[in-house]
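Per-entry structural report
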Amino acid sequence: MESPFDVLQIDAGADDETVEEAYRRRVMEAHPDQGGSIAEFRAVRTAYETLQAGYDPDAEPESGDRDSAARQQRARSTVTYLNYDVLGDFGWQVDDADLFEKAAASDLDRVDYGEFEVDPGETLLEGAETAGYAWPFACRGGACANCAVMLVDGELSMPVNHVLPAEMMERNIRLCCNGMPITDELKVVYNLKHMPELEDLLLPPRPFEQAHPND
Ligand code: FES
C-alpha cells in the first residue's frame, strides 16, 4: 500500500507546511475536472487526512485499510442536505460554522434536512431524485444557477459550468445537475437559487423544472 507521503509525492516525514502545500497541489491535479479520477482524488484526500491524524509508518495497517482504494472507487457517497429556504426562518447564515449542527438539533422536515446516498456515477441531483426529492433545476446542462448548491463539506466534480464565476466557485457554490460526489461524505445546502447573488444567473424554471414543494 502506498504511504500517504508517496500519494502526496513528498519525502517521508515532511513537515506540516510541506504537507499542506503538497495537498493543495495534488488535490488540484487529481480533481476529476482537471483530468484526474475519483479514485485518485479520494486517495489524495485520504492521504492528507491520514497525515493530519498522525500517521505512524511502523503501525500495521488495519485490515479495513488494505483495500481502501478499491473500496473508495466503488463506495457510495453519503449526502447530508439542508434547504436554503429554512435558514431565514431560524436566523441562520449559510456560512455559520455550526449550521449543520443547528439543523440536526432543530427537528426539521425530511424535505428540508436529512441524508441520502448517491451511487458512483450518479450526479448529486440524480441522487436526490432517486431518494424521492424534487430539488430545483432548469437546463441540466451547466448553463444556469437553478440547481446551485453550497458545499459545506466534501467535494463534487463539475464537468460543465458555463455560469458560475470564479468567486462563486471559491465560495464552494456548485451545480448539482452535473456534479458528482467525489468524497465519501458531503454536506450541502441546496435550493440556493433563492440566494440574492444568484438571481441574475437563473433561467425561468418552466417548462424544464419540476415543482418544488417549497416553491
Ligand atoms: Fe442549469 Fe444545473 S440546471 S446548470
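Residues numbered from 1 in each chain as written. Predicted model: local features only at pLDDT ≥ 70, side-chain atom pairs only at ≥ 80, totals over all residues.

To continue, consider the overall build of the protein chain. Helix and strand counts for the protein chain stand at eight helices and seven strands. Classification of the 215 residues of the protein chain by burial places 33% in the buried group. Looking at the protein chain alone, contacts between residues at least 24 apart form 67% of all its contacts between residues at least 6 apart. (Helix = DSSP H or I, 4+ residues; strand = E, 2+ residues; numbered from the N terminus. Buried ≥ 20, exposed ≤ 12 C-beta atoms within 10 Å, placed from the backbone. Contact = placed C-beta atoms within 7 Å.)

A separate point is the environment of Leu 192. Tracing the backbone shows Leu 192 in the segment after β7 (185-190). Setting aside its immediate chain neighbours within four residues, Leu 192 contacts Tyr 84, Ala 148, Val 149, Met 150, Ile 173 and Leu 198.

Take helix α2 (residues 16-30) next. Between its first and last C-alpha atoms α2 spans 20 Å; for 15 residues at 1.5 Å apiece the expected length is 21 Å, and the two agree. For α2, the full list of buried residues reads Ala 22, Tyr 23, Arg 26 and Ala 30. Projected down its long axis, α2 shows its buried positions confined to an angular sector of 110°, all on one face. Residues of α2 that are exposed and angled more than 90 degrees away from the buried face: Glu 17 and Arg 24. (Expected span 1.5 Å × (residues − 1). Arc of directions from axis to C-beta.)

When strand β3 (residues 148-153) meets strand β5 (residues 173-175), the two strands line up antiparallel, connected through three bridges. Within β5, the position partnered with Val 149 by the bridge is Arg 174. (Pairing = 2+ DSSP bridges.)

Across soluble globular proteins, nonpolar side chains have a tendency to be buried as a group. Leu 8, Leu 124, Val 149, Cys 176, Val 188 and Tyr 190 are the most contacted members of the largest nonpolar core, which has 50 residues in total. Secondary structure elements with two or more residues in this core: α1 (4-7), α2, α3 (38-52), β1 (77-83), α7 (124-130), β3, β5 and β7. The element best represented in this core is α3, accounting for seven residues. No fewer than three residues from each of domain 1 (4-73) and domain 2 (76-201) sit in this core. For Val 149, the contacting residues outside a window of four places in its chain are Leu 124, Arg 174, Cys 176, Val 188, Val 189, Tyr 190 and Leu 192. (Core = buried A, V, L, I, M, F, W, Y, C linked by C-beta atoms within 7 Å. Domains from an automatic or database assignment.)

A few words on the environment of Arg 140. Of note, Arg 140 is situated in the loop between α7 and β3. Each C-alpha atom, one on Arg 140 and one on Asn 178, is 7.0 Å from the other, the two residues being 38 residues apart in sequence.

Taken in spatial order, the five strands of this open sheet run β2-β1-β7-β3-β5, and their pairing is mixed. For this open sheet the edge positions go to β2 (113-118) and β5, each flanked by a neighbour on one side alone. Going from strand to strand, the sheet's axes swing by 35° on average, the running direction of each strand aside. Sheet topology note: the β3/β7 ladder contains three bridges and is antiparallel. Across the sheet, residue Met 150 finds its bridge partner in β7, namely Val 189. (Axes fitted to C-alpha atoms, helices over the stretch in contact; angles between N-to-C directions.)

The next point concerns α3. Over its 15 residues, α3 runs 21 Å from end to end, which matches the ideal 21 Å to within 8%, given 1.5 Å per residue. By the burial criterion, the buried members of α3 are Ile 38, Glu 40, Phe 41, Arg 42, Ala 43, Val 44, Arg 45, Ala 47, Tyr 48 and Leu 51. Looking one or two residues past α3, Gly 54 carries a phi angle of roughly 90°, positive in sign.

What follows is about unusual backbone geometry. Negative phi is the rule for most residues except glycine; trans is the rule for most peptide bonds. Residue Arg 140 is not a glycine yet carries a positive backbone phi of 55°. By C-beta crowding, Arg 140 is classed as partly exposed, having 18 other C-beta atoms within 10 Å.

With that settled, consider the packing of α2 against α3. Orientation of α2 relative to α3, taken along the N-to-C sense of each, is 165°, at an axis distance of 9 Å. In terms of orientation, α2 and α3 fall into the roughly antiparallel class. Read as a crossing pair, α2 and α3 show a hand that is left-handed. On α3, the residues that touch Val 19, Tyr 23, Arg 26, Val 27 and Ala 30 of α2 are Glu 40, Phe 41, Val 44, Tyr 48 and Leu 51. (Parallel < 35°, antiparallel > 145°, perpendicular 65-115°, else oblique. Left-handed = near helix turned anticlockwise from the far one by under 90°.)

Attention shifts here to the confidence of the model for the protein chain. Detailed reading of the predicted model is not advised wherever pLDDT is low. On average, the protein chain scores 85 in pLDDT, and the residues at 70 or more come to 87%. This stretch, residues 66-73, has a pLDDT under 50; its non-local contacts, to residues over four places away or in other chains, come to nine contacts. Confidence over residues 207-215 falls short of pLDDT 50; this stretch has 15 contacts with residues more than four positions distant or in other chains. (pLDDT = per-residue confidence, 0-100.)

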